[in-house]
Amino acid sequence: MTALPWLRVDGSRIVDETGAPVVLTGVGLGGWMNMENFITGHPGPEQLVRAALRDTMGRESYEAFFDEFLHGFFGPDDAAHLASLGVNSVRIPVNYRHFEDDDRPSEIQESGFAHLDRVIDVLADHGIWSIIDLHALPGCQNQHWHSDNPTHVAAFWQHRHFQDRAVALWEAIADRYRDRPEVAGYNPVNEPADPSNERIGPFYQRLERAVRAVDARHVLFLDGNRYATDFSAFTEPLPNSIYTTHDYALPGIAAEATCYPGTTRGEHFDRDVLEKTFLRRTEFMRRTGTPIWIGEFGPLYPHGEPEPWRLQVLADQLEIYQEHGASWSLWTYKDIGLQGLVHARQDSPYLTRIADVLAAKRRLGVDSWGGTDAGVRDVLDPVDAVFDREFPDFQPYPWGKRKFTDVLVRHILLAEPLVGRFAERFTGITSAEARELARCFRHDQCAERTPLTSLLRHHLRGAG
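So, a few notes on the structure that sits alongside this text. (Residues numbered from 1 in each chain as written. Predicted model: local features only at pLDDT ≥ 70, side-chain atom pairs only at ≥ 80, totals over all residues. Heavy atoms only, no water.)

**Topic: the overall build of the protein chain**
Here comes step 1: Per the secondary structure count, the protein chain includes 19 helices and 15 strands.
Here comes step 2: In terms of its C-alpha atoms, the protein chain occupies a principal-axis envelope of roughly 60 × 50 × 50 Å.
Here comes step 3: Going through the 464 residues of the protein chain one by one, you find that 59% of them count as buried.
Here comes step 4: Partitioning the contacts of the protein chain with sequence separation of at least 6, the portion at a separation of at least 24 is 74%.
Here comes step 5: Roughly 17,800 Å² of accessible area belongs to the protein chain as shown, and the carbon and sulfur atoms make up 51% of that amount.
Here comes step 6: Computed over 48 positive and 67 negative side-chain charges, the inter-centroid distance for the protein chain is 1 Å. (Helix = DSSP H or I, 4+ residues; strand = E, 2+ residues; numbered from the N terminus. Buried < 20%, exposed > 50% of the residue type's maximum accessible area, 1.4 Å probe, protein only. Contact = heavy atoms within 4.5 Å. Areas by Shrake-Rupley, 256 points an atom, 1.4 Å probe, with all protein chains shown as cover. Lys, Arg positive; Asp, Glu negative; His and termini not counted. Charge placed at Lys NZ, Arg CZ, Asp CG, Glu CD.)

Printed below as a string of structure tokens:
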């Protein structure tokens, strides 16, 4: 294992044990220990898909599939590939369900740590720090699928019970890794969305006290409220902590975007606009003199090979971060083709098996990330008209009534029945067949998005 030094916060910088500054440049390992629909192809949240697959596959094949998936999604070849690009850190999103069961809350499960330990070790072998990111918390910390939320309610902020469980889990994580410098730090809550904006500050203070009682050394990476964009709940920064924002550029992620520089949703975007957005989102960090870490960012590539203008969005963001000394973690490393540096091949047995479900997902717009409502406007237009007529001032948290309708109609109402259709595609498969399908996510079975990886390699090892 490559010896990696401890990291800590020193004013506005991240430094190692010698005091030398370190800029974290990395990727997120989305879709592995926290599955997401656009990453691995299923509709809806992970918990619904897993329950449906248990029914259609049978327990033996179900366990074989996920054993192969969890072991094969990231391994030494993946770490070597990232190291070849010049990446020095990986943000590892995890779902609390790997570490405790809702039927036995706060009873920590060793099996989740076994998977996490393996990948942390593999990354360290290649000189890469890990950042542990709790992406899905008990009760769901935000209103969307990526917190494994089957509803539109972030109940985590409403029930002390869920907060107690999250604190207990972080105490266990901190105890596990307190002597491991190859873990750069802990990202305790991904994209929190506390509608009151009053609970998140006290919760972070409580969490920091609990973690520090166990582990005084590791850096805390604390996301802002409203999906890591709003820092108004915070006053003084907590010690040895980095406040993190997510910096998705609209022309890179909007379905209707066609060019950059250019106009998206009636607004002109160019490099200056991206920089102004970055400066606005990082105002708290710059004002308090703390380091900047962009926990997520990156364009989508809905047409397969990236259009040059989408790569230019990314190139401009990377240059902006470099000029301002910001650390960053690109979303995401591996998927089925929308955003990853590498992706499962389109002719793989797995994608071939679920091809009709993927077509239905696109047609119905059930995925929030990368989906479009074009195929269901005949459903949404009358609903929008009723809301405009009856509730003109209705602007629900976090993104207003249009996004509210999207969540309820596209991402829940239409997604839930599609979960069953997805699971049916795996009915009666043997354990061997299940492993073969999961094996499609292994590095040697995936395709590299070369224009994207070339850009990163040039930035990190060339001009960077």
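Moving on from the coordinates now.
**Notes on the pattern of salt bridges**
Here comes step 1: Evaluated as defined, the whole model comprises 42 salt bridges.
Here comes step 2: Of the charged contacts in the structure, one is a salt bridge between Glu307 and Arg310, with a shortest N-O distance of 2.9 Å. Each member of the pair, Glu307 as well as Arg310, carries the same accessibility label: buried.
Here comes step 3: In this structure, the salt-bridge partner of Asp381 is Arg377, at a minimum N-O distance of 2.6 Å. (Salt bridge = Lys/Arg side-chain N within 4 Å of Asp/Glu carboxyl O.)

**So, the environment of Thr427**
Here comes step 1: Along the polypeptide, Thr427 turns up in the loop between helix H17 (415-424) and helix H18 (431-438).
Here comes step 2: For Thr427 and Gly252, which are 175 residues apart along the polypeptide, the C-alpha to C-alpha distance reads 37 Å.
Here comes step 3: Among the polar contacts made by the side chain of Thr427, one reaches the main-chain carbonyl oxygen of Glu424 at a distance of 2.9 Å. (Polar contact = N/O pair within 3.5 Å; in protein donor to acceptor, adjacent residues only side chain to side chain.)

**Details of the side chain of His246**
Here comes step 1: For His246, the location among the structural elements is in strand S8 (residues 241-246).
Here comes step 2: Within the structure, the side chain of His246 is placed 2.6 Å from the side chain of Glu191, a separation counted as a polar contact.
Here comes step 3: Setting aside its immediate chain neighbours within four residues, His246 contacts Arg91, Asn190, Glu191, Asp223, Tyr227, Ala228, Thr229, Arg281, Gly295 and Glu296.

**Some thoughts on the sheet that holds strand S13 (residues 334-335)**
Here comes step 1: An order of S13-S14-S15 is seen for the three strands of this open sheet, with the pairing classed as mixed. This sheet does not close on itself; its edge strands, each paired only once, are S13 and strand S15 (446-448).
Here comes step 2: Sheet analysis places strand S14 (residues 342-344) next to S15, joined by three bridges and oriented antiparallel. Bridge pairing in S15 links His343 to Ala447. (Pairing = 2+ DSSP bridges.)

**Thoughts on the pairing of strand S4 (residues 89-95)**
Here comes step 1: Across the seven residues that make up S4, a large majority, seven, are buried.
Here comes step 2: Neither face of S4 is left uncovered, since the one carrying Ser89, Arg91, Pro93 and Asn95 and the one carrying Val90, Ile92 and Val94 both have all their residues buried.
Here comes step 3: Relative to S4, strand S3 (residues 25-28) runs parallel, the two sharing three bridges. Counterpart to Val27 in the pairing with S4 is Val90.

**Considering helix H7 (residues 200-214)**
Here comes step 1: For H7, with 15 residues, the first-to-last C-alpha span of 21 Å sits near the 21 Å given by 1.5 Å per residue.
Here comes step 2: Within H7 the residues assigned to the buried category are Ile200, Gly201, Phe203, Tyr204, Leu207, Glu208, Ala210, Val211 and Arg212. (Expected span 1.5 Å × (residues − 1).)

**Quick look at the nonpolar core**
Here comes step 1: Formed by 119 residues in total, the largest nonpolar core has its most connected members in Leu82, Ile132, Tyr186 and Tyr350.
Here comes step 2: No other element matches the nine residues that helix H6 (residues 160-177) contributes to this core.
Here comes step 3: Residues within four places of Ile132 in sequence aside, it is in contact with Ile92, Val94, Leu116, Ile120, Trp170, Ile173, Tyr177, Val183, Gly185, Tyr186 and Asn187. (Core = buried A, V, L, I, M, F, W, Y, C linked by side-chain atoms within 4.5 Å.)

**Concerning the side chain of Asn37**
Here comes step 1: Topologically, Asn37 is positioned in helix H1 (residues 37-40).
Here comes step 2: When its relative accessible area of 3% is taken as the criterion, Asn37 is described as buried.
Here comes step 3: Polar side-chain contacts of Asn37 include one of 3.5 Å to the side chain of Trp145.
Here comes step 4: Sequence-distant contacts of Asn37, defined by excluding residues within four places in its chain, comprise His42, Pro43, Gly44, Trp145, Lys361 and Asp367.

**Brief notes about the packing of helix H14 (residues 355-364) against H17**
Here comes step 1: Between H14 and H17, whose axes approach to 10 Å, the crossing angle comes to 165°. Judged by the angle between their axes, H14 and H17 are roughly antiparallel. Crossing of H14 over H17 shows left-handed handedness. Contact residues: Val357, Ala360, Lys361 and Arg363 in H14; Leu418, Arg421 and Phe422 in H17.
Here comes step 2: For the contact of H14 with H17, the class distribution of residues is four nonpolar, no polar and three charged. (Axes fitted to C-alpha atoms, helices over the stretch in contact; angles between N-to-C directions. Parallel < 35°, antiparallel > 145°, perpendicular 65-115°, else oblique. Left-handed = near helix turned anticlockwise from the far one by under 90°. Nonpolar A, V, L, I, M, F, W, Y, C, P; charged D, E, K, R; others polar.)

**Here we look at the environment of Pro291**
Here comes step 1: Here Pro291 lies in the loop between helix H11 (283-288) and strand S11 (293-296).
Here comes step 2: Residue classification places Pro291 among the buried positions, given a relative accessible area of 2%.
Here comes step 3: In sequence terms Pro291 and Ile242 are 49 residues apart; their C-alpha atoms lie 5.8 Å from each other.
Here comes step 4: Not counting the four nearest positions on each side in its chain, Pro291 is found in contact with Val9, Gly11, Ser12, Arg13, Ile14, Ser241, Ile242, Tyr243 and Met285.

**Some thoughts on the pairing of S8**
Regular strands place their side chains on alternate faces of the sheet.
Here comes step 1: Summarising burial for S8: six of the six residues are buried, a large majority.
Here comes step 2: The alternating pattern of S8 places Ser241, Tyr243 and Thr245 on one face and Ile242, Thr244 and His246 on the opposite face, and all of these are buried.
Here comes step 3: Two strands pair when backbone bridges link them, and strand S7 (residues 219-223) and S8 are joined in this way by four bridges, in the parallel orientation. Residue Asp223 lies in a different strand from S8, and its bridge partner there is Thr244.

**Describing the packing of aromatic side chains**
Here comes step 1: Tallied over the full model, the rule gives 36 aromatic pairs.
Here comes step 2: When the centroid spacing of 6.3 Å and the interplanar angle of 10° are considered together, the rings of Phe65 and Phe69 count as stacked. Taken as a pair, Phe65 and Phe69 lie in helix H3 (residues 59-72) at a separation of four residues, close to a single helical turn. Each member of the pair, Phe65 as well as Phe69, is classed as buried.
Here comes step 3: Ring centres 6.3 Å apart and planes at 70° place the aromatic pair Phe65 and Phe426 in the edge-to-face group. With a gap of 361 residues between them, Phe65 in helix H3 and Phe426 in the loop between H17 and H18 connect regions that are remote in the sequence.
Here comes step 4: A relative accessible area of 4% places Phe65 in the buried class.
Here comes step 5: Through a chain of ring-to-ring contacts, the aromatic side chains of Tyr62, Phe65, Phe66, Phe69, Phe73, Tyr350, Phe422, Phe426 and Phe441 assemble into a single cluster.
Here comes step 6: The aromatic ring of Phe66 is capped on one face by Arg50, whose charged end is 3.9 Å from the ring centroid.
Here comes step 7: The positively charged end of Lys334 is found above the aromatic ring belonging to Phe73, 5.2 Å away from the centroid. (Phe/Tyr/Trp six-rings, centres within 6.5 Å; stacked < 30°, edge-to-face > 60°. Lys NZ or Arg CZ within 6 Å of the ring centre and 35° of its normal.)

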